[in-house]
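Listed here are the chains, written in short residue letters.
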Amino acid sequence: GSLSSQRSMEFDAVLEASKLMDTDISWGRRAILQNAARRASADYGEKRILGWQVEERAPSQPQRLKVTFRGDTSNVFVDHVPLWTPQQMVSLVHEVHTRSSSSADARKALEADAVCNRCPALWWSLVAWALEQHAADKASRGRRD
């Protein structure tokens, strides 16, 4: 039906895996700065994420994330990415392993820098789920039974 085709447009493990495995990318100066800022945003204790907004959409469509973050200078960047579910992230990792000639190749494609630079949707989805886990852990530790 049309719902599944809409959803596959949003998340296609094969397409996303090919992005992660493409070592042939060259970035312009702004993209290089944006990649570096995105990478630094995940460092614990860094206050680089200025805004974090989940944009609600039609029930059939995945949520989108709008992240505003800053670099070392006064540059401010915005990423608009789909927010992937843990299942989608796992299917992407499986796809990367399937396409790799060795597990070393797969590990290389899934290194933090590669994910950050080539696949911002996976990067921010991982950050979002990690933050959610952290908040849940904190909440459960805060309760005294």
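Residues numbered from 1 in each chain as written. Predicted model: local features only at pLDDT ≥ 70, side-chain atom pairs only at ≥ 80, totals over all residues. Heavy atoms only, no water.

*Asks:* Before we move on, could you go through the packing of helix α2 (residues 13–21) against helix α4 (residues 86–99) and cite the residues and values that matter?
*Replies:* Taken N-terminus to C-terminus, the directions of α2 and α4 make an angle of 60 degrees; their axes are 9 Å apart at the nearest point. With respect to α4, the axis of α2 lies oblique. Here the hand of the crossing between α2 and α4 comes out right-handed. Residues Ala13, Val14, Glu16, Ala17, Ser18, Leu20 and Met21 of α2 pack against Ser91, Leu92, Glu95, Val96 and Arg99 of α4. Taken together, the residues that form the contact of α2 with α4 break down as seven nonpolar, two polar and three charged. (Axes fitted to C-alpha atoms, helices over the stretch in contact; angles between N-to-C directions. Helix = DSSP H or I, 4+ residues; strand = E, 2+ residues; numbered from the N terminus. Parallel < 35°, antiparallel > 145°, perpendicular 65-115°, else oblique. Left-handed = near helix turned anticlockwise from the far one by under 90°. Contact = heavy atoms within 4.5 Å. Nonpolar A, V, L, I, M, F, W, Y, C, P; charged D, E, K, R; others polar.)

*Asks:* Describe a nonpolar patch on the surface, and please don't skip the residues or the numbers.
*Replies:* There is a patch of nonpolar side chains on the surface, built from Ile25, Trp27 and Ile32 and spanning about 250 Å² of accessible area. Mapped onto the fold, Trp27 is located in the loop between α2 and α3 (29–41). Since its relative accessible area comes to 32%, Trp27 is described here as partly exposed. (Patch = residues over 30% accessible without salt bridge, like charges linked within 9 Å, V, L, I, M, F, W, Y side chains within 5 Å. Areas by Shrake-Rupley, 256 points an atom, 1.4 Å probe, with all protein chains shown as cover. Salt bridge = Lys/Arg side-chain N within 4 Å of Asp/Glu carboxyl O. Buried < 20%, exposed > 50% of the residue type's maximum accessible area, 1.4 Å probe, protein only.)

*Asks:* I'd love a proper account of the side chain of Asp79, names of residues and values included.
*Replies:* Secondary-structure assignment places Asp79 in strand β3 (residues 76–82). Take Asp79: its relative accessible area is 6%, and that puts it in the buried class. At 2.6 Å, the side chain of Asp79 forms a polar contact with the side chain of Arg38. Look past the residues within four positions of Asp79 in its chain and what remains in contact with it is Gln34, Arg38, Leu65, Lys66, Val67, Phe69, Pro120 and Trp124. (Polar contact = N/O pair within 3.5 Å; in protein donor to acceptor, adjacent residues only side chain to side chain.)

*Asks:* So what's going on with the sheet that holds strand β2 (residues 64–70)? Residues and values would help.
*Replies:* Adjacent strands of a sheet form backbone hydrogen bonds with each other and so pair up, either parallel or antiparallel. An order of β1-β2-β3 is seen for the three strands of this open sheet, with the pairing classed as antiparallel. Two strands close off the open sheet at either side, each with one partner strand: β1 (49–55) and β3. Adjacent strand axes in the sheet meet at a mean angle of 15 degrees, parallel and antiparallel pairs treated alike. Across the face of the sheet, α3 comes into contact with β1, β2 and β3 while running at roughly 75 degrees to β3. Where helix α7 (residues 120–142) meets the sheet, its contacts fall on β1, β2 and β3, and the angle it forms with β3 comes to roughly 90 degrees. (Pairing = 2+ DSSP bridges.)

*Asks:* So what's going on with the pattern of salt bridges? Residues and values would help.
*Replies:* Applying the stated rule across the entire model yields four salt bridges. We note a salt bridge from Arg38 to Asp79, for which the minimum N-O separation is 2.6 Å. Here Asp79 lies in strand β3 and Arg38 lies in helix α3, a separation of 41 residues in the sequence. We note that Arg38, like Asp79, is buried. The closest approach of N and O atoms between Arg48 and Asp72, which form a salt bridge, is 2.6 Å. Taken as a pair, Arg48 in the loop between α3 and β1 and Asp72 in the loop between β2 and β3 lie far apart in primary sequence, 24 residues in all. Exposure remark for Arg48: the relative accessible area of 9% places this residue in the buried category.

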